[in-house]
Amino acid sequence: MTSIQTVLGPIDTSKLGQTLSHEHVIVSSGGIPQIYPEFIKRDESINKGIARLSEAKKEGVDTIVDVTTLDLGRDIKLIETVSRESGVNIICATGTWRDIPRAFWNSTPDAVANLYKREITQGIEDTNIKAGIIKVANDKGGVSREGEIILRAAARASKSTNTPISAHTWAPERVGEQQIRIFEDEKVDLNKVYIGHSNDTTDIFYLEGLMDKGAWVGLDRYPGGREMGTPKWEERTETLIKLISDGYGKKLMIGHDWSVTLNIASNDTETSRNKYNPDDYLFIHRNVIPYLKNSGITQEQIEDILINNPKKFFES
Ligand SMILES: [Zn+2]
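What you are looking at is a predicted structure, and each value in this text was computed from that prediction instead of being measured. (Residues numbered from 1 in each chain as written. Predicted model: local features only at pLDDT ≥ 70, side-chain atom pairs only at ≥ 80, totals over all residues.)

### Some details on the overall build of the protein
Logical step 1: A tally of helices and strands in the protein yields twelve helices and twelve strands.
Logical step 2: Relative to its length of 316 residues, the protein is compact, with a C-alpha radius of gyration of 18 Å against a globular reference of 20 Å.
Logical step 3: Based on the C-alpha atoms only, the size of the protein along its principal axes is roughly 50 × 45 × 45 Å.
Logical step 4: Per-residue burial over the protein gives 49% buried out of 316 residues. (Helix = DSSP H or I, 4+ residues; strand = E, 2+ residues; numbered from the N terminus. Rg over C-alpha atoms; globule rule 2.2 N^0.38 Å. Buried ≥ 20, exposed ≤ 12 C-beta atoms within 10 Å, placed from the backbone.)

### Re the pairing of strand β1 (residues 3-6)
Logical step 1: Where β1 meets strand β2 (residues 9-12), four bridges bridge the pair, whose relative direction is antiparallel. Bridge pairing in β2 places S3 opposite D12. (Pairing = 2+ DSSP bridges.)

### Overview of the environment of T13
Logical step 1: As for its position among the elements, T13 is in the loop between β2 and β3 (19-23).
Logical step 2: According to the C-beta neighbour criterion, T13 is partly exposed, with 18 such atoms within 10 Å.
Logical step 3: Sequence-distant contacts of T13, defined by excluding residues within four places in its chain, comprise T2, S3, I4, K311, F314 and E315. (Contact = placed C-beta atoms within 7 Å.)

### Thoughts on helix α12 (residues 299-315)
Logical step 1: The end-to-end C-alpha distance of α12, which contains 17 residues, comes to 23 Å, matching closely the 24 Å that a straight helix rising 1.5 Å per residue would cover.
Logical step 2: At I305, α12 shows its strongest bend, of approximately 45 degrees.
Logical step 3: Of all the positions in α12, only Q301, D304, I305, L306, N309, P310, K311, F313 and F314 are classed as buried.
Logical step 4: Residues of α12 that are buried in the fold lie against β1, β3, β9 (193-195), β10 (216-219), α9 (233-245) and β11 (252-254). (Expected span 1.5 Å × (residues − 1). Bend = angle between axes of the 7 residues up to and from the residue.)

### Structural notes on the environment of E184
Logical step 1: As for its position among the elements, E184 is in helix α7 (residues 175-185).
Logical step 2: As a C-alpha pair, E184 and I64 span 120 residues in sequence and 28 Å in three-dimensional space.

### Here we look at the environment of I244
Logical step 1: Tracing the backbone through its elements, the reader meets I244 in helix α9.
Logical step 2: Once the C-alpha coordinates of I244 and I35 are considered, the two residues, 209 residues apart in sequence, prove to be 45 Å apart.
Logical step 3: Excluding residues within four positions of it along the chain, I244 makes contact with G249, I297 and Q301.

### Points about the packing of α9 against helix α11 (residues 283-294)
Logical step 1: Their axes nearest at 10 Å, the elements α9 and α11 cross at an angle of 45 degrees. Judged on the interaxial angle alone, α11 and α9 are oblique. The handedness of the crossing between α9 and α11 comes out as right-handed. From α9, W233, T237 and I241 reach across to α11, where they touch N287, V288, Y291 and L292.
Logical step 2: When its residues are assigned to classes, the contact of α9 with α11 shows five nonpolar, two polar and no charged. (Axes fitted to C-alpha atoms, helices over the stretch in contact; angles between N-to-C directions. Parallel < 35°, antiparallel > 145°, perpendicular 65-115°, else oblique. Left-handed = near helix turned anticlockwise from the far one by under 90°. Nonpolar A, V, L, I, M, F, W, Y, C, P; charged D, E, K, R; others polar.)

### Here we look at the nonpolar core
Side chains that are nonpolar tend, in soluble globular proteins, to be buried together.
Logical step 1: Core analysis: the biggest nonpolar cluster contains 80 residues, and C92, A154, V193 and V217 have the highest contact counts within it.
Logical step 2: For this core, the leading source of residues is helix α6 (residues 145-161), giving seven residues.
Logical step 3: Once residues lying within four places of it in the same chain are set aside, the contact partners of V193 are I165, A167, F183, V188, A215 and W216. (Core = buried A, V, L, I, M, F, W, Y, C linked by C-beta atoms within 7 Å.)

### Section: the sheet that holds β9
Logical step 1: Pairing is parallel in the open sheet, where eight strands are placed in the order β3-β5-β6-β7-β8-β9-β10-β11. Of all the strands in the sheet, just β3 and β11 have a single pairing partner and so form its edges. Strand-to-strand twist in this sheet, taken as the mean axis angle between neighbours without regard to direction, amounts to 30 degrees.
Logical step 2: Here strand β8 (residues 165-168) runs beside β9; their pairing, made up of three bridges, is parallel. Pairing of I165 across the sheet is with V193, part of β9.

### A closer look at the packing of α6 against α7
Logical step 1: Running from N to C, α6 and α7 point in directions that differ by 50 degrees, and their axes come no closer than 9 Å. By the angle class used here, α6 and α7 are oblique. Relative to α7, α6 is oriented so that their crossing is right-handed. Only Q179, I182 and F183 of α7 make contact with α6, whose side of the interface consists of E148, L151, R152 and A155.
Logical step 2: Taken together, the residues of the contact of α6 with α7 sort by class into four nonpolar, one polar and two charged.

Structure representation (structure tokens):
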């Protein structure tokens, strides 16, 4: 019996069920939901979140990991309401995404780690909702100086609280390898590290190398192929099939990186997003899983990716 913090309190990991490993309810910028709620249409976003996640629950989704941090406009009370009303468990995050506050740039890993630790052990904002995962992010160009402060802070908070880390990365430049080098330097158990957005590449050698080191790999951008042009969802799924066939099916997780409201620099409008992914949190269930089954992937192998691997990750 291991318990994991969700926004509605701790639950046993056996209750996680089908888990999408990297999602959001809303994505915005730090402070916007609290200070300018009209900008994210907060009430509408809550209703949309409840509607879409209730639908996802009906088709099998039990849990999502919402890796929205302060600088992505995390709104912990909004997430709590959406979880309560939709019935989907939501594990929320501490940590920092790509908009690293300038306040941290000349700080130290230990000072930032203390903030993360407080959100893991005591609570977020004025609630007692505790983070169940630590998010970090490094993108094109690799790990910057301030990015390194965040990685080391996450490593230290992870070690002192036994909390797993979810890394946003830029797979085409193999940034996951740089992140892992820093985690190794900090002596983090790589079995507690998830390298996400890994299906932005089809480089099997790179992906298997991450797993050979002990890290988990998140194929968590679906449908994909929107701004970058490649890989399309079918190619992403072929990569997943290849990794399973090579024996890596016990180190993989899956998700969409979806959100009902997206308010960051993006060419996408609501109409284009609906057209691009009319299934939102159910794209995997309605498209990827049938594709996997048609390709000879067994029910057991699918359950590893959706159920058993997230459970083991949170129990690590
Ligand atoms: Zn994301």
